[in-house]
Amino acid sequence: MDKFTTLTGTAAPLPLINIDTDMIIPKQFLKTIKRSGLGVNLFDEMRFDDNGDEIADFVLNKPAYRDAQIIVAGDNFGCGSSREHAPWALLDFGIRCVISTSFADIFYNNCFKNGILPIVLPQEDVDKLMDDAGRGANATLTVDLENQTIKGPDGGEIAFEVDAFKKHCLLNGLDDIGQTMEKVASIDAFETQAEQARPWV
């Protein structure tokens, strides 16, 4: 998993509430267990019409936001079914940070396990960032995880809270397997001791 330290990128405004995981990655794209290749179908039913052509007024189809790395969204982002494909699709598209007033619990935790930083802020702060994100080509935010700040295009700064352990994992690029590998020396020592104590096992 890639480390998340400081991210400076275009922020796309998505002021919809209750964006569920089926909107993020529709069910017909869940047949794969690979984490790559899902970005093309991110928000598929909002990005494309029935003929597969782009819907021009959807934010990620607009030239200024095609390379967005941050989404500023409405309340209750990631609700619905607990598909891990949702953060996979966001990450594969290039999204590393989602900012909202609230997230569904399972989606929120899945983000951290896949290298995405979900940030919860009060409505007034989300409104400010939504306004910043509406600036098109100038919609650049800087997210500093170490210092837990978001800096807007005009230099204004907003602080955010994040769980200390989740922060440690993102800063060091540790998913569940990486966390286990941090303790490999202790695991090896335990197994050696167990083998000596019970050689017949």
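Above this text you will find the structure in question.
In this text, all values refer to a predicted model and were calculated from it rather than measured experimentally.

Q: Would you mind showing me how to read the nonpolar core here?
A: Most often, soluble globular proteins keep nonpolar side chains buried together rather than apart. Judged by nonpolar contacts, the single largest core of 55 residues is most densely connected at F43, F77, L90, I99 and L117. Among the elements that take part in this core, helix α3 (residues 85-93) stands out by supplying five residues, more than any other. Setting aside residues no more than four positions away along its own chain, L117 makes contact with F4, R96, C97, V98, F112, V143, L145, F160, V162 and L170.

Q: I would appreciate a short explanation of the sheet that holds strand β6 (residues 149-151) in the present structure.
A: Across a sheet, strands are paired by hydrogen bonds formed along the backbone, either parallel or antiparallel in direction. Taking strand neighbours across the sheet as the criterion, the seven strands line up as β4-β3-β2-β1-β5-β6-β7 in an open arrangement whose pairing is mixed. The open sheet has two free edges, formed respectively by β4 (117-120) and β7 (157-159), since each of these has just one partner strand. Averaged over all pairs of adjacent strands, the angle between strand axes in this sheet comes to 25°, irrespective of strand direction. Lying on the sheet, helix α5 (residues 123-133) is in contact with β1 (6-14), β2 (70-73), β3 (97-100), β5 (140-144), β6 and β7; it crosses β2 at an angle near 125°.

Q: I keep staring at unusual backbone geometry and nothing clicks. Help me out?
A: Negative phi characterises most residues that are not glycine, and trans characterises most peptide bonds. Of note, the phi angle at F43 is positive, near 50°, even though the residue is not glycine. In this structure, Q148 takes a positive phi of about 55° despite not being glycine. Summarising the element assignment, Q148 is placed in the loop between β5 and β6. Its relative accessible area of 16% is what places Q148 among the buried residues.

Q: Got a minute to help me understand the packing of α3 against helix α4 (residues 105-113) in this structure?
A: Between two packed helices, both the angle of their axes relative to each other and the distance between the axes serve to describe the pair. Where α3 contacts α4, the two axes come as close as 9 Å, and the packing angle between them is 45°. By the angle between their directions, the pair α3 and α4 is classed as oblique. Between α3 and α4 lies a crossing of right-handed hand. Here A86, P87 and L90 of α3 come into contact with α4, specifically with F107, N110 and C111. Class assignment for the residues of the contact of α3 with α4 results in five nonpolar, one polar and no charged.

Q: Please clarify how the environment of C111 should be interpreted in this entry.
A: Structurally, C111 can be placed in helix α4. Note: C-alpha distance between C111 and E84 (27 residues apart in sequence) is 8.5 Å.

Q: Sorry if this is basic, but what is going on with the environment of N41 here?
A: Mapped onto the fold, N41 is located in the loop between α1 (21-24) and α2 (44-47). Sequence separation between N41 and D92 is 51 residues; the distance between their C-alpha atoms is 9.8 Å. Residues in contact with N41, not counting those within four places in the same chain, are I24, I25, P26, F29 and R47.

Q: I tried to follow the pattern of salt bridges on my own but got confused; where do I start?
A: When their charged atoms lie close together, side chains carrying opposite charge are able to pair. Counted under the stated rule, the structure contains five salt bridges. Put simply, D22 and R83 hold a salt bridge, and the shortest N to O gap is 2.9 Å. A residue pair is termed long-range when its members are at least 10 positions apart, and D22 in helix α1 and R83 in the loop between β2 and α3 qualify at 61 residues. Measuring nitrogen to oxygen at the nearest pair gives 2.6 Å for the salt bridge that ties R66 to E54. On the criterion of sequence distance, the pair formed by R66 in the loop between α2 and β2 and E54 in the loop between α2 and β2 is long-range, its members being 12 residues apart. By sharing partners, the salt bridges in this structure join D132, R135 and D154 into a single network.

Rules used in this analysis
- Residues numbered from 1 in each chain as written.
- Predicted model: local features only at pLDDT ≥ 70, side-chain atom pairs only at ≥ 80, totals over all residues.
- Heavy atoms only, no water.
- Core = buried A, V, L, I, M, F, W, Y, C linked by side-chain atoms within 4.5 Å.
- Buried < 20%, exposed > 50% of the residue type's maximum accessible area, 1.4 Å probe, protein only.
- Helix = DSSP H or I, 4+ residues; strand = E, 2+ residues; numbered from the N terminus.
- Contact = heavy atoms within 4.5 Å.
- Pairing = 2+ DSSP bridges.
- Axes fitted to C-alpha atoms, helices over the stretch in contact; angles between N-to-C directions.
- Parallel < 35°, antiparallel > 145°, perpendicular 65-115°, else oblique.
- Left-handed = near helix turned anticlockwise from the far one by under 90°.
- Nonpolar A, V, L, I, M, F, W, Y, C, P; charged D, E, K, R; others polar.
- Salt bridge = Lys/Arg side-chain N within 4 Å of Asp/Glu carboxyl O.

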